[in-house]
Amino acid sequence: MEEVLPTSSLEGKVKEKIHDAFWDHLKQQISATPPDFSCALELLKEIKEILLSLLSPRQNRLRSEIEEALDMDLLGREAERGDLHVPHLSKRVLNMVTLLCAPVRDEAVQKLENVADPICLLRGIFHVLGLMKMDMVNYTIQSLQPHLQEHSIQHERAKFQELLNKQPRLLDHTTKWLTRAAADLTTLPPAGPDAPNSSSVACPSPNEAANRPEPVSPAMVLSQGFLNLLLWDPENEEFPETLLRDRVRLQELESQLRQLTVLAAVLLVASSFSGSVLFGSPQFVDKLKRIAKAHMEEFHSRPEEAMLTVSEQVSQEMHQSLKSMGLAALSSDNTASLIGQLRSIAKEENCVRSVIDQRIHLFLKCCLVRGVQRSLLDLPGGLTLIEAELAELGQKFVNLKNHNQQVFGPYYTEILKTLIPPSQAPEAEGASL
């Protein structure tokens, strides 16, 4: 079976050489006098096995056609007589491939219909069959994924229950975590659109202030709890027991969030000095992103040095871009102001950085409530230039929360019953998450 490998890789080059040698040898055998069909028979036998493996149990008629067209006993006798008709067999095989392939492979199959050389046609068929096998594997995996996921959820929950049976206080930190989340929702006053800890997790719109009180629900408390995890103090050892396995992933998401905060702040400051003149070009924006991202590791340990380098490179890139467009470069005063504002992003109390951080938290809050795609339709100001990066972050965060909730939902439901009085919970919401 031919595998799809990068032709530039060493393994890909070696396999290509081996395949070339095989097909050259096959052509020499068939062209010899008298012809030798030994390799051709082995190839047809493997093609038959592949075709049969691609059939569903109900495709009996097509199964019979394959068995009849590639009757190896009959083909063996024809080969012994020297009258095995390879071109005719190749065309029949191609017709069967056409019936079995997915629409995504139609173009590849259509190209084979114009191939006259039977060896080239067989090679093309073999390649398409390899792709079809991968299609079948992917389809099978996708079909089994819900069952595998459900099994994983039940297994993880059962293991946790075993530990809980041995350690009755195993949910103490989880209870404290949810208690704090509930307190955040019930004690904090309604905040503006930029506040990550707004009392309304329902998030009617990322660009609207939550001016009206929302009834607290279990889902709201759980979402607030997950948002609080992104602000978790590393020295706080009372991490929720139900999230210990996800702690590393949460730390990675927190790191990614910090990097996006700096990236968006850099882009927002730079755009204020040129507007759509430069930032209307996706290529220019990508250049600035590459500059900022290249210094993110340094920013973690040496923020001031990193932002000095970033500010100088961004200023230089803007100067060159304006010059190449035949526009006036930034004045010396504007250049100094640009560099100064970019360097100030290194400070944690920087106002631009703080606003961006709040707005990213608000976006993530909306992702938990409304989903990533709907949240992207109404991004808070200053975040549109990092939409793709936010979509990736939001999806990871939502996936982590959803899986954890599927596993530990029953435990969260019991805890939240003690935190939210029935009279306070929304009537429309059920007792469980």
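Just so you know, these numbers come straight off a predicted model, no measurement behind them. (Residues numbered from 1 in each chain as written. Predicted model: local features only at pLDDT ≥ 70, side-chain atom pairs only at ≥ 80, totals over all residues. Heavy atoms only, no water.)

Summed over the entire model, instances satisfying the criterion amount to ten aromatic pairs. Ring centres of Phe22 and Trp23 lie 5.1 Å apart, and the angle between their planes is 75°; this geometry places the pair in the edge-to-face category. Look at Phe22 and you get partly exposed, because its relative accessible area is 33%. In this structure Trp23 comes out as buried when scored by relative accessible area, which is 4%. With a centroid separation of 5.6 Å and an interplanar angle of 75°, the aromatic rings of Trp177 and Phe226 are classed as edge-to-face. Taken together, the positions of Trp177 in helix α8 (residues 172-187) and Phe226 in helix α9 (residues 218-229) put the pair 49 residues apart, joining distant regions of the chain. Judged by its relative accessible area of 0%, Phe226 is buried. (Phe/Tyr/Trp six-rings, centres within 6.5 Å; stacked < 30°, edge-to-face > 60°. Buried < 20%, exposed > 50% of the residue type's maximum accessible area, 1.4 Å probe, protein only. Helix = DSSP H or I, 4+ residues; strand = E, 2+ residues; numbered from the N terminus.)

This paragraph deals with helix α3 (residues 60-69). Regarding α3, the residues found buried are Leu62, Ile66 and Ala69. The arc that holds every buried residue of α3, seen down its axis, measures 75°, which confines them to one face. Residues of α3 that are exposed and point over 90 degrees away from its buried face: Arg61 and Glu68. Each element contacted by the buried residues of α3 is listed here: α2 (38-53), α4 (72-81) and α5 (86-100). (Arc of directions from axis to C-beta. Contact = heavy atoms within 4.5 Å.)

Let's shift gears to the layout of surface pockets. Taken as a whole, the largest pocket spans an internal volume of roughly 590 Å³. Lining the largest pocket are 20 residues, with Arg258, Val262, Phe299, Glu348 and Arg353 sitting closest to its centre. Mapped onto the lining of the largest pocket, the elements with two or more residues apiece are α10 (247-271), α13 (296-301) and α16 (351-370). Per-element accounting of the lining of the largest pocket gives the leading share, seven residues, to α10. Of the residues in the lining of the largest pocket, the class split is eight nonpolar, six polar and six charged. (1 Å grid on protein atoms, 1.4 Å probe; cavity = no way out; pocket = protein on both sides within 12 Å on 5 of 7 lines; lining within 4 Å. Points joined across faces, edges and corners; volume = space filled by probe spheres on them. Nonpolar A, V, L, I, M, F, W, Y, C, P; charged D, E, K, R; others polar.)

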